[in-house]
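Chain by chain, the residues:
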Amino acid sequence: MINEIVSMNGYGLYVWSAFSFTLISFGSLFLITKLQLLKEKRKFAYKFGSLNTEEVRVAESQKINKEILAGILSSKI
Amino acid sequence: MLKFFEPNKIFAITSRAPKYVLFLFIIVLSIGLTEALFLSPEDYKQSHSVRIMYVHVPSAWISLGIFSLIAFLSLVSFIFKNKNFSLISKSLAPSGFVFNIIALVTGAIWGKPTWGTWWAWDARITSMLILALFYSMYLLSWKIFRKEEQAIKIASIIAILGAINIPIIKFSVDWWSTLHQSSSVQILSKTSIHTSMLIPLAIMTAAFTLFSILIFLMKYNTELIKIKNKGLDRL
């Protein structure tokens, strides 16, 4: 049974390599994109942390900045 | 209507959506893989090698769909001078390019047992390779040109020019004698593929679409935060 699934009448090498290539590509693209997002989030948190009180007030007046900060605190993805 | 697409308004949605899309993608992909690898029948001529279709065909469809969308958004961004459309196009490109590469590689793997060769300069394969070149040029233009206005302009021109290749890919099997068969899945007329194979194909297409949405959302959020980082520098 397992041998049959692996060999697929002699086509196993082709089928499994096509599916593996697809899934590895998905994994790599997901990881690269996630790392880029994390890098930008860290940069944002660092820059926001180094602002003075007046600059923080100006930055916080933009809703999107608050959303980014909230995302940094709670994000898992 | 265009105001709906303003980053400040949609970031609240795009920043929360990825975790739900990822969850849905994992479920749909698991069902799709089970159907494609174990439950769907083998072909009477191609035997089990037909299973490669379940990754090859959706990848080709999605890479074509994404490039068409990029070209359309580039044109709209040209007409309405809307930078957000360029940002959306830029965020769509990486997943489109990866799907294009998957289609080419899995096509080569499928070609060996069915045609006896990894590669042929067939009209469909060559036009898909040209699409990969357009994707590469599009992505590179954002890296090479540092001035935003210039990058938007060059990338848009590449996308609009590349759109000429889309109908060529679609109709290449009708216009030229190629190794590829003509379309089995039709939207407007009867589909010639059996339901037992059409269902896993549809599930895998749904899974791949969800993956491209996931990557798009993550990339779009990255680009928006990048812009906001520049904004903090100016304070």
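Scroll up to find the structure this text is about.
I will try to describe carefully the structure that is included in this document. (Residues numbered from 1 in each chain as written. Chains lettered and ligands numbered in written order. Predicted model: local features only at pLDDT ≥ 70, side-chain atom pairs only at ≥ 80, totals over all residues. Heavy atoms only, no water.)

**A short note on the overall build of chain A**
Looking only at helices and strands, chain A features four helices and zero strands. In sequence order, the secondary structure elements of chain A are arranged as α-α-α-α. A compact globule built from 77 residues would reach a C-alpha radius of gyration of about 11 Å, whereas chain A, at 23 Å, exceeds it by more than 25%. When its C-alpha atoms are laid out on the principal axes, chain A stretches across 70 × 15 × 15 Å. (Helix = DSSP H or I, 4+ residues; strand = E, 2+ residues; numbered from the N terminus. Rg over C-alpha atoms; globule rule 2.2 N^0.38 Å.)

**Quick notes on the packing of aromatic side chains**
Residue and element names in this part refer to chain B. A full pass over the atoms with the stated rule returns 17 aromatic pairs over all chains. Ring centres of Phe67 and Tyr135 lie 5.1 Å apart, and the angle between their planes is 85°; on these two criteria the pair is classed as edge-to-face. Of the two residues, Phe67 sits in helix H2 (residues 53-80) while Tyr135 sits in helix H4 (residues 123-144), which places them 68 residues apart along the sequence. Like Phe67, the residue Tyr135 is buried in the burial classification. On the basis of an interplanar angle of 70° and a centroid distance of 6.4 Å, the ring pair of Tyr138 and Trp142 is categorised as edge-to-face. Taken together, the positions of Tyr138 and Trp142, both in helix H4 and four residues apart, correspond to about one turn of that helix. Judged by its relative accessible area of 1%, Tyr138 is buried. (Phe/Tyr/Trp six-rings, centres within 6.5 Å; stacked < 30°, edge-to-face > 60°. Buried < 20%, exposed > 50% of the residue type's maximum accessible area, 1.4 Å probe, protein only.)

**Here's the deal with helix H5 (residues 148-162) of chain B**
If you check H5(B), its first and last C-alpha atoms are 21 Å apart, about what 15 residues at 1.5 Å a residue would give, namely 21 Å. Against the buried residues of H5(B) lie H2, helix H3 (83-115), H4 and helix H6 (165-175) of chain B. (Expected span 1.5 Å × (residues − 1). Contact = heavy atoms within 4.5 Å.)

**Considerations on the side chain of Asn229(B)**
Along the chain, Asn229(B) falls in helix H7 (residues 195-233). Setting aside residues no more than four positions away along its own chain, Asn229(B) makes contact with Glu40(A), Lys43(A), Phe44(A) and Lys47(A).

**Side note on unusual backbone geometry**
At Met8(A), a residue that is not glycine, the phi angle is positive and equals roughly 45°. With respect to the secondary-structure elements, Met8(A) resides in the loop between helix H1 (2-7) and helix H2 (12-49). Notably, Ser47(B) is not glycine yet its phi reads approximately 55°, a positive angle. Classification of Ser47(B) as buried rests on a relative accessible area of 10%.

**Quick word on the nonpolar core**
Ranked by size, the top nonpolar core spans 84 residues in total, and within it Phe19(A), Phe208(B) and Phe211(B) carry the most contacts. Among the elements that line this core, the one with the most residues is H7(B), at 17 residues. If we skip the residues at most four places from it in the chain, Phe211(B) touches Phe26(A), Leu29(A), Phe30(A), Phe25(B) and Phe99(B). (Core = buried A, V, L, I, M, F, W, Y, C linked by side-chain atoms within 4.5 Å.)

**Focus on the pattern of salt bridges**
Inspection of the entire model under this criterion finds eight salt bridges over all chains. A salt bridge links Glu67(A) to Arg16(B), with the nearest nitrogen and oxygen atoms 3.4 Å apart. Placement of Glu67(A) in helix H4 (residues 63-74) and of Arg16(B) in helix H1 (residues 7-39) is noted, with the two residues assigned to different chains. Taking relative accessible area as the criterion, Glu67(A) reaches 15% and is therefore assigned buried. Residue classification places Arg16(B) among the partly exposed positions, given a relative accessible area of 45%. With its nearest N and O atoms 3.6 Å apart, the salt bridge here joins Glu223(B) to Lys219(B). (Salt bridge = Lys/Arg side-chain N within 4 Å of Asp/Glu carboxyl O.)

**With respect to a nonpolar patch on the surface**
Residue and element names in this part refer to chain B. Taken together, Leu75, Phe78, Ile79, Phe80, Ile157, Leu161 and Ile164 make up a surface patch of nonpolar side chains, about 680 Å² in accessible area. Mapped by element, the contributors of at least two residues to the nonpolar patch are H2 and H5. When residues in the nonpolar patch are grouped by element, the largest group, four residues, is from H2. Considering the arrangement of structural elements, one finds Phe78 in helix H2. (Patch = residues over 30% accessible without salt bridge, like charges linked within 9 Å, V, L, I, M, F, W, Y side chains within 5 Å. Areas by Shrake-Rupley, 256 points an atom, 1.4 Å probe, with all protein chains shown as cover.)

**Focus: the packing of H4(A) against H7(B)**
Running from N to C, H4(A) and H7(B) cross one another at 120°; their axes reach a closest spacing of 11 Å. Regarding H4(A) and H7(B), the two cross each other, and that crossing is left-handed. On the side of H4(A), the interface is formed by Ile64(A), Asn65(A) and Ile68(A), while H7(B) contributes Leu224(B), Ile225(B) and Lys228(B). Partitioning the contact of H4(A) with H7(B) into residue classes produces four nonpolar, one polar and one charged. (Axes fitted to C-alpha atoms, helices over the stretch in contact; angles between N-to-C directions. Left-handed = near helix turned anticlockwise from the far one by under 90°. Nonpolar A, V, L, I, M, F, W, Y, C, P; charged D, E, K, R; others polar.)

**As for the interface of chain B and chain A**
How large an interface is tends to be reported as the accessible area lost when its parts come together. Facing the 53 residues of chain B at the interface are 37 residues of chain A. Here chain B meets chain A over a buried area of about 3900 Å², counting both sides, of which 81% is carbon and sulfur. Linking chain B with chain A are one salt bridge, by the criterion used here. Summed over the shared surface of chain B and chain A, the number is eight residue pairs in polar contact (both at pLDDT 80 or more). Looking at the side of chain B that touches chain A, the elements that each hand over two or more residues are H1, H2, H3 and H7 of chain B. Broken down by element, the residue count for the side of chain B that touches chain A peaks at 16 residues, all from H7(B). Of the residues that constitute the side of chain B that touches chain A, the class distribution is 33 nonpolar, 11 polar and nine charged. (Buried area = accessible area lost by both parts, 1.4 Å probe. Polar contact = N/O pair within 3.5 Å; in protein donor to acceptor, adjacent residues only side chain to side chain.)

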